[in-house]
Amino acid sequence: MSVLNGAISIVLGIAGGIAVGSGVIALILVLDMIPRLAQLTRSYDKTHWYEGALIGGSLVGTIADFWHWKVPGIWVLSPIIGLFCGVFIGLLAAALTEVLNVLPVLAKRLGMKSYLFGLLLAMILGKMTGSLFDFFVYQR
């Protein structure tokens, strides 16, 4: 039974990684968030730096999470790291609010206007189910 549990965990892990990765890439690319972020900050010539920082941060964060990296004395840098994270989230939220109406427009153009409520409900329930599974089952 242990082999079966391991195989199921591997399949679920890969499927979850693909789903989350696809969602993040879809959010960033389809909604043109990086160019919009560059436009809001008037730094369009540095778009490649934003993209590199996003990819590098994702890679380093993933590796640090997998191998449980610990940095001694990080409490000294915590306010600075928190400030940079807050600025990034704030700018990302500002860019997202500019393009948030893309779902109704996309649903109208694809002829899925009558399915919009079900689509949004499925997204909400999927996120809620995944969060509850992570909180009650996976974290134990």
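Parameters at a glance
- Residues numbered from 1 in each chain as written.
- Predicted model: local features only at pLDDT ≥ 70, side-chain atom pairs only at ≥ 80, totals over all residues.
- Heavy atoms only, no water.
- Helix = DSSP H or I, 4+ residues; strand = E, 2+ residues; numbered from the N terminus.
- Contact = heavy atoms within 4.5 Å.
- Areas by Shrake-Rupley, 256 points an atom, 1.4 Å probe, with all protein chains shown as cover.
- UniProt positions renumbered as here; feature names shortened; annotations may be inferred.
- Phe/Tyr/Trp six-rings, centres within 6.5 Å; stacked < 30°, edge-to-face > 60°.
- Buried < 20%, exposed > 50% of the residue type's maximum accessible area, 1.4 Å probe, protein only.
- Patch = residues over 30% accessible without salt bridge, like charges linked within 9 Å, V, L, I, M, F, W, Y side chains within 5 Å.
- Salt bridge = Lys/Arg side-chain N within 4 Å of Asp/Glu carboxyl O.
- Axes fitted to C-alpha atoms, helices over the stretch in contact; angles between N-to-C directions.
- Parallel < 35°, antiparallel > 145°, perpendicular 65-115°, else oblique.
- Left-handed = near helix turned anticlockwise from the far one by under 90°.
- Nonpolar A, V, L, I, M, F, W, Y, C, P; charged D, E, K, R; others polar.
- Polar contact = N/O pair within 3.5 Å; in protein donor to acceptor, adjacent residues only side chain to side chain.

> Which parts of the structure should I look at to understand the overall build of the chain?
Secondary structure assignment for the chain yields 6 helices and 0 strands. In the chain, the succession of α and β elements from N to C terminus is α-α-α-α-α-α. Of the contacts made within the chain by residues no fewer than 6 positions apart, 44% connect residues no fewer than 24 positions apart. Accessible area of the chain: about 11600 Å², with a carbon and sulfur share of 75%.

> Explanation requested: the UniProt feature "transmembrane region" (unreviewed entry) in the chain in the structure shown.
The UniProt record annotates "transmembrane region" (unreviewed entry) at residues 6-31, 52-69, 75-103 and 115-138. Spanning residues 115-138, this segment combines 96% helix with 0% strand, and its end C-alpha atoms are found 32 Å apart.

> Would you mind showing me how to read the packing of aromatic side chains here?
Ring pairs (aromatic) are described by centroid distance and by the angle formed between their planes. Using the criterion set out here, one finds 1 aromatic pair in the structure. Geometrically, the ring pair formed by Phe135 and Phe136 is edge-to-face, given 4.9 Å between the ring centres and 80° between the ring planes. Since its relative accessible area comes to 56%, Phe135 is described here as exposed. On the basis of relative accessible area, Phe136 is assigned to the partly exposed category, the value being 43%.

> Just checking my understanding: could you explain unusual backbone geometry for this structure?
Most peptide bonds adopt trans geometry, and most residues besides glycine take a negative phi value. Residue Arg42 is not a glycine yet carries a positive backbone phi of 55°. Of note, Arg42 is situated in the loop between helix H2 (33-40) and helix H3 (47-66). What makes Arg42 exposed here is its relative accessible area of 77%. Unusually for a residue other than glycine, His68 sits at a positive phi of about 50°. We classify His68 as exposed; its relative accessible area is 59%.

> Looking at this model, I keep getting lost on a nonpolar patch on the surface. Mind explaining?
A cluster of nonpolar side chains, Phe117, Leu121, Leu125, Met128, Leu132, Phe133, Phe135, Phe136, Val137 and Tyr138, forms an exposed patch at the surface whose accessible area comes to about 1100 Å². With respect to the helices and strands, Val137 occurs in helix H6 (residues 116-138).

> Help me understand the pattern of salt bridges in this model?
Any two side chains of opposite charge can pair if their charged atoms end up close together. For the structure shown, the criterion picks out 1 salt bridge. Residue Asp45 is joined to Lys46 by a salt bridge in which the shortest nitrogen-to-oxygen separation is 3.5 Å. Since its relative accessible area comes to 57%, Asp45 is described here as exposed.

> Whenever I open this one, the packing of H2 against H3 confuses me. Can you help?
For any two helices packed against each other, the geometry comes down to the angle between their axes and how far apart the axes lie. Contact pair H2 / H3: the axes reach a minimum separation of 9 Å and the direction vectors enclose 125°. In terms of axis orientation, H2 runs oblique to H3. Crossing handedness for the pair H2 and H3: right-handed. Only Thr47, Tyr50, Glu51 and Leu54 of H3 make contact with H2, whose side of the interface consists of Ile34, Leu37 and Ala38. Residue composition of the contact of H2 with H3, by class: 5 nonpolar, 1 polar and 1 charged.

> Would you mind showing me how to read the side chain of Ser43 here?
Structurally, Ser43 can be placed in the loop between H2 and H3. A distance of 2.7 Å separates a polar atom in the side chain of Ser43 from a polar atom in the side chain of Thr41. In this structure Ser43 touches Ala38 and Tyr50, once residues within four positions along its chain are discounted.

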